[in-house]
Structures are given as C-alpha cells and as structure tokens.
Amino acid sequence: MTTPPTRRTGSARRRSRPLAALLPAVLLTAALTVPAAGAPAPTPASAETCAPLAPGASALAEGAVAAACQEVAAGTWYTWGGGHGPRPGPTYGQVDPDDPASAHDPERLGFDCSGLVRHAYARAAGADILDGAAAVQHYTHRTAARFTAADGLAPLLPGDLLAWGTSARLHHIAVYLGKGRMVEARQSGTRIMVSDVRLGGDYFGAVRITTGPVEGRLFRTWGSGVWTKARPALAAARVYAFPGPTTVRVACQTHAEPVTAEGYTNDAWSYLPDYRAWVTNIYLQGPAWLPDVPACP
C-alpha cells in the first residue's frame, strides 16, 4: 500500500513575545462579565492566589499552572486562534464568524483555550509538547493518566487538563488548579481567568500530562473525521473521531475485518491505548502492516 500524504492545516502566524520570568500570580476575586464589542478593557482583580490548590502534582504540572496563572496576573486577553503561532506564546487572534464578541480579537494579543494550554506546558517542559487544538491535546500520547466525566474531580491533581465536548468534537480545554477551580481562556471579550470547574453539560473528562518515556510506537494519522472503533470492525461502536492528522501511540496490530477506503483495501487494524480503541491501518501513515509493531495477543 502506498503511504498516503500528510495533510496539514494552518492559520495566520505572528511572532510571539519574549517569555518573561514567572511572576507571583493572582486570580480573580469576582466573576468577569463579557463586555460589548469596543467596551473598555476590564481590569483584573487580585486578592486570592492563583496556584496549585492541592498537593501531589508533578513539577511539570506545577510549572504549567504557574505559567497559566502568570497570564491571569498580566490580564492577558482571550483571543480566538491566539497562541497558535510558530512557537508557543500569545499571538493576535482572528474573527470567529460565529461569535460577534470576537470582532476585536485581531487587535488583541492573547490566547484561545488550547493556545493557553500549549503555552503553559511549553514553559514548564522547555519544549512545545502540546501543539494543536483541544482534541489533540486531550488525546496526546504524552498521557500519564486519563479520567472520564464519571470520575468527577476527586482523582484530579493540579495541572491536569479538563476538556468539554463530545467524542466527535472537543471544543474547550482548561488547566485544573485543585479544589474545584481551573484557569482558562474562556471566550472572546474576556481575559484569561480562574473559574469554578463546570462539571455539568458536556464536560468530557481530564488527562494528566507526562514527559516520560512513551511505550509503543508513534505514527501519524491522515485524513479528517476518522473514527476509532471499540473493536476492529466497521460495525463496532464509534469511540473518537480524529479531526485531522494526529500523532498516535500504537500498542499492537491485528488482522481482522477488511476495510476499503481512500482507494485502499486492508485487513490490518491497530490498537491505540490512549483512546482504548482501534483504527484501520489505512489511516496510519506507513505500509499496510506497520513495521516494528507487535501482533496483538
């Protein structure tokens, strides 16, 4: 089978500002309201400490919390598409065609939700380990632990990443602080803020990040809207859809139901432990049977 091409997406890029040393960070003492377009910029309040609010987090996670909280202290804007430049850091945003409040985002240097997460963990790790949108970050191969919505907040530690949406589309991500609080880039017209965790609605779950060794082989998917399955079969339940090319960790592969798609036919399926799901090898860049990946027992 010929290796399918990698398909890339892109957006306007701007050079990020230099990274300053971490400052004592503060959180908001009152809820921020969304101002009308063109309204005066709100002034961040400062009384309570924005910091890890529970013990047990890794040094990496605490560093990410500190970096995110620095943006709260600085009064950094939410801006749609912000933080997705060539390097981590704030960038000017874009107009979201579905949100009139974003009209001034191209004038504001800041982050969207995943841009803030990318920046926070890059500052902590010294490397750009979480580039991508909320869905890519939540399903990163750099996973130490994963939690569902049913797990609630009890097992979470500061620095864990909270996600909202569905298995077809995750639309928001934030950094947990502990004690039911989080730091987030929430929406146009507001600053980076500390909020109560919203467990109702479409809260999806959380993930704990690590920079430790990755077990298994890494491969890149291609295509968009590619569904993983609960079993290596077309009729199996859908688990999660890759919105675009994604780096995934493959534990093993097996011969199962043949699939014909994108001009190829293949009966090989790979098990992705970070998703607890299977994907046809057609959508993994490489030969029909992946090299150096063991057969599933």
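Structural data are supplied above this passage.
These lines cover the structure that appears in this document, whether it is placed above or below. In this text the structure is predicted, and so the values were computed from the model without any measurement. (Residues numbered from 1 in each chain as written. Predicted model: local features only at pLDDT ≥ 70, side-chain atom pairs only at ≥ 80, totals over all residues. Heavy atoms only, no water.)

For helix H1 (residues 59–74), which comprises 16 residues, the first-to-last C-alpha distance of 23 Å matches the rise-based estimate of 22 Å (1.5 Å per residue) to within 8%. Regarding H1, the residues found buried are Leu60, Ala61, Gly63, Ala64, Val65, Ala67, Ala68, Cys69, Gln70, Glu71 and Val72. The inward-facing, buried residues of H1 contact strand E3 (109–111), helix H2 (113–125), strand E6 (170–178), strand E7 (181–184), strand E8 (193–196) and strand E9 (203–209). (Helix = DSSP H or I, 4+ residues; strand = E, 2+ residues; numbered from the N terminus. Expected span 1.5 Å × (residues − 1). Buried < 20%, exposed > 50% of the residue type's maximum accessible area, 1.4 Å probe, protein only. Contact = heavy atoms within 4.5 Å.)

By the element assignment, Lys229 lies in strand E11 (residues 226–229). Although buried, Lys229 forms no salt bridge, and the nearest oppositely charged side chain, Glu257, lies 8.4 Å from it. A polar atom in the side chain of Lys229 sits 3.5 Å from the backbone oxygen of Ala236. Dropping the residues within four chain positions of it, Lys229 is found in contact with Leu234, Ala236, Ala237, Arg238, Val239, Trp269, Ala277 and Trp278. (Lys, Arg positive; Asp, Glu negative; His and termini not counted. Salt bridge = Lys/Arg side-chain N within 4 Å of Asp/Glu carboxyl O. Polar contact = N/O pair within 3.5 Å; in protein donor to acceptor, adjacent residues only side chain to side chain.)

Taken as a whole and assessed by the stated rule, the structure comprises eight aromatic pairs. Pairing Tyr139 with Tyr240 gives two aromatic rings, centres 4.1 Å apart and planes at 50°, and the pair type is tilted. Of the two residues, Tyr139 is situated in the loop between helix H3 (134–138) and strand E4 (143–148) and Tyr240 in strand E12 (residues 238–242); the sequence distance between them amounts to 101 residues. Of the two residues examined, Tyr139 and Tyr240, each falls in the buried class. (Phe/Tyr/Trp six-rings, centres within 6.5 Å; stacked < 30°, edge-to-face > 60°.)

Across all of its chains, the model carries seven salt bridges by this definition. Of the charged contacts in the structure, one is a salt bridge between Asp160 and Arg208, with a shortest N-O distance of 2.9 Å. Here Arg208 lies in strand E9 and Asp160 lies in the loop between E4 and strand E5 (161–165), a separation of 48 residues in the sequence. The class of Asp160 is buried, set by a relative accessible area of 1%. The salt bridge involving Arg181 is made with Asp196; its shortest N-O contact spans 2.8 Å. Of the two residues, Arg181 is situated in strand E7 and Asp196 in strand E8; the sequence distance between them amounts to 15 residues. Among the residues examined, Arg181 registers a relative accessible area of 17% and is labelled buried. Sharing partners across several salt bridges, the network here consists of Arg118, Asp128 and Asp131.

Here we come to the environment of Val250. Looking at the secondary structure, you find Val250 in strand E13 (residues 247–250). Exposure remark for Val250: the relative accessible area of 1% places this residue in the buried category. Taking the C-alpha atoms as reference, Val250 lies 9.5 Å from His141; in sequence the two are 109 residues apart. For Val250, the residues in contact, after removing those within four places along its chain, are Gly216, Arg217, Phe219, Ser270, Tyr271, Leu272, Pro273, Leu284, Leu290 and Val293.

Core analysis: the biggest nonpolar cluster contains 30 residues, and Tyr121, Leu130, Leu161, Leu177, Val183, Ile192 and Ile209 have the highest contact counts within it. When residues of this core are traced back to their parent elements, those giving at least two are H1, H2, E6 and E9. Top element by residues in this core is H1. It accounts for eight residues. When sequence neighbours within four positions are dropped, the list of residues in contact with Leu161 reads Val117, Tyr121, Leu130, Ile173, Ala174, Val175, Gly205, Ala206, Val207 and Ile209. Membership of the second largest hydrophobic core comes to 26 residues, among which are Tyr139, Ala163, Val259 and Tyr275. (Core = buried A, V, L, I, M, F, W, Y, C linked by side-chain atoms within 4.5 Å.)

A few words now on the pairing of strand E15 (residues 264–272). When a strand is regular, its side chains alternate between the sheet's two faces. Direction of pairing for strand E14 (residues 252–261) relative to E15: antiparallel, over a ladder of seven bridges. Paired with Thr254 across the strands is Trp269, a residue of E15. In this structure, the hairpin formed by E14 and E15 is closed by a connection of two residues, where Glu262 is found at a positive phi of approximately 55°. Of the strand pairs in this sheet, E15 and strand E16 (residues 277–280) are connected by four bridges, and their pairing is antiparallel. When the sheet's bridge partners are listed, Tyr271 is paired in E16 with Trp278. Between the end of E15 and the start of E16, which pair antiparallel, lie four residues, with Arg276 showing a positive phi angle near 50°. (Pairing = 2+ DSSP bridges.)

With that settled, consider the sheet that holds E9. The six strands are arranged E4-E9-E5-E6-E7-E8 in an open sheet whose pairing can be described as antiparallel. Unpaired on one side and paired on the other, E4 and E8 mark the two borders of the sheet. Neighbour-to-neighbour, the strand axes of the sheet open up by a mean angle of 35°, direction not taken into account. Taken together, the four bridges between E7 and E8 define a ladder with antiparallel strand orientation. Each bridged residue has a counterpart across the sheet, and for Met182 the counterpart in E8 is Ser195. Sheet strands in contact with H1 are E6, E7, E8 and E9, and its direction is about 105° off that of E6. (Axes fitted to C-alpha atoms, helices over the stretch in contact; angles between N-to-C directions.)

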